Amino acid sequence: MPHLNRRDFLATASGGLLAGVAAEAVGAEPFAASQGKPVRANPARRLKYVGWQVGVTYQATAPGGLTRDDMMRLLDEMARNRMNLLSLQMLSFGHFDPKHDGYCWPVANPKLRALWDSTAVNGRPETEYLREVIRSAAQRDIEIQLFMNWGIWNPEKVRKSYADAGVLERRPRPGQPGAKRPWFYCADAPGSWQLGLDEVTDLLTYYSDPNVTSYGFENLCSHDCFCPFTRQKYQRETAKSLLEASDGERLAWSKRRIAGLLKRFVEHIHRIRPDLDVWLHTRCTDDSGHDPKRLPECGIGYVLPHTFHFPIAKNGFHRTLEHLEPNRCVLHFSARDIRPTNYPLWIQTPESIAEKTGWVLDYPGDNLAGVVFYNPNAMSPRNIRAVYEQVKRFDW
């Protein structure tokens, strides 16, 4: 564990997430990204959204996740730094965070109760506080996004209510079944699909405030899945075996199939909230099956690409954004320096956050609409201060 000086210790002790506020209270100096030069906004890089995505429980230090006071202090920090979007990650997964697992709101659907985190402060009806936070955010001109990770679910909990849910499976070898990926579910399995519909219905019904302006989600992709449900679907639609298909045939079929799933999912969301913007967290790599050219017709309003979660060079980062055209992109900028379990995260520092903010400013394309920094629960006080310093370089 790295040594903490008194200032960082006080900041961490005050709640982790709010390290920036606590550090300022004891006189911390903000990180200057430009070696002593004033940090100025780039008028040519005008954005629509700048904000945080925070796990209500994910990677939080306390067993019950964040509290009302944590969130209210975060809103005040955001308002002081002119941030205008707060994305709330509404579940955690023990595969990546052994301290927290499941949904962190008061779940109403009895089939979903097995996946509910009963230890989450916000998950209990008597201590739920996000409804107040959502209204308070509106008073500060901060929009709220609710965010979920479709299909990353605890298999022990899923089987209690959704017996016909199915996980992703790798290509089988001769004489052997395909290896299963137990936390990652396939949308071709009827139980998996229904679970995804049920959770978004429950969440958006509970949080119906008009200041919830968007819903974001990750996954709903399974290009490399060879589970029985996917193999049967391929056989029905092509009259061929998925195991005998070429890589090109599989990829073309997956892009059509996954686009259809995305479209159906967005239509379901809009039946609950017709006015809601829907965002997809993806880089549209071939292994996802997401096709950037098809996303607009699927109803995806913004793409929220993984940004600096894993090592990448500046030109590769720019190529990723070019690949995502014509979609408007809000970067999911990982500024973390605390790794999740089972996740080879690219650790960031104040210096690297400043460098990569420069890469964002240098991007020559016109499909960049915003930046959302992730996740203050897993960031040191110095990284949080660096984020607030770097946002001054943007104009919005």
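Residues numbered from 1 in each chain as written. Predicted model: local features only at pLDDT ≥ 70, side-chain atom pairs only at ≥ 80, totals over all residues. Heavy atoms only, no water.

Caption draft 1: Broad picture of empty space enclosed by the protein. Going through the model one piece at a time under the given rule, you end up with 1 cavity of 30 Å³ or more. The space that makes up the largest cavity amounts to roughly 60 Å³. Lining the largest cavity, in full, are Leu91, Ser92, Phe93, Asp101, Gly102, Tyr103, Leu115, Ile152, Trp153, Asn154, Lys157 and Trp183. Going through the elements one at a time, β3 (91-92) and β4 (102-103) are the ones with two or more residues in the lining of the largest cavity. Classifying every residue of the lining of the largest cavity by side-chain character gives 7 nonpolar, 3 polar and 2 charged. (1 Å grid on protein atoms, 1.4 Å probe; cavity = no way out; pocket = protein on both sides within 12 Å on 5 of 7 lines; lining within 4 Å. Points joined across faces, edges and corners; volume = space filled by probe spheres on them. Helix = DSSP H or I, 4+ residues; strand = E, 2+ residues; numbered from the N terminus. Nonpolar A, V, L, I, M, F, W, Y, C, P; charged D, E, K, R; others polar.)

Caption draft 2: Molecular detail of the pairing of strand β2 (residues 85-89). Within β2, 5 of the 5 residues are buried, which leaves the element mostly enclosed by the surrounding structure. Here β2 shows no split at all, with Leu85, Ser87 and Gln89 on one side and Leu86 and Leu88 on the other all buried. Note that strand β1 (residues 49-55) and β2 share 5 bridges and pair parallel. If you follow Gly55 over to β2, its bridge partner there is Gln89. Once you follow β1 into helix α3 (residues 68-80) and on to β2, the crossover reads as right-handed. (Buried < 20%, exposed > 50% of the residue type's maximum accessible area, 1.4 Å probe, protein only. Pairing = 2+ DSSP bridges. Right-handed = clockwise from strand over helix to strand, strands pointing away.)

Caption draft 3: Just the nonpolar core, in detail. Within the largest apolar cluster, 108 residues are counted, with the highest numbers of intra-cluster contacts made by Trp52, Met90 and Tyr215. Beyond its immediate stretch of four places on either side in the chain, Tyr215 contacts Gln145, Leu146, Met148, Val200, Leu203, Leu204, Phe265, Ile269, Leu276, Asp277, Val278 and Trp279. Core analysis: the next-biggest nonpolar cluster, separate from the first, contains 9 residues, Tyr49, Leu85, Tyr302 and Val372 among them. (Core = buried A, V, L, I, M, F, W, Y, C linked by side-chain atoms within 4.5 Å. Contact = heavy atoms within 4.5 Å.)

By themselves, these observations are geometric and do not establish any function.
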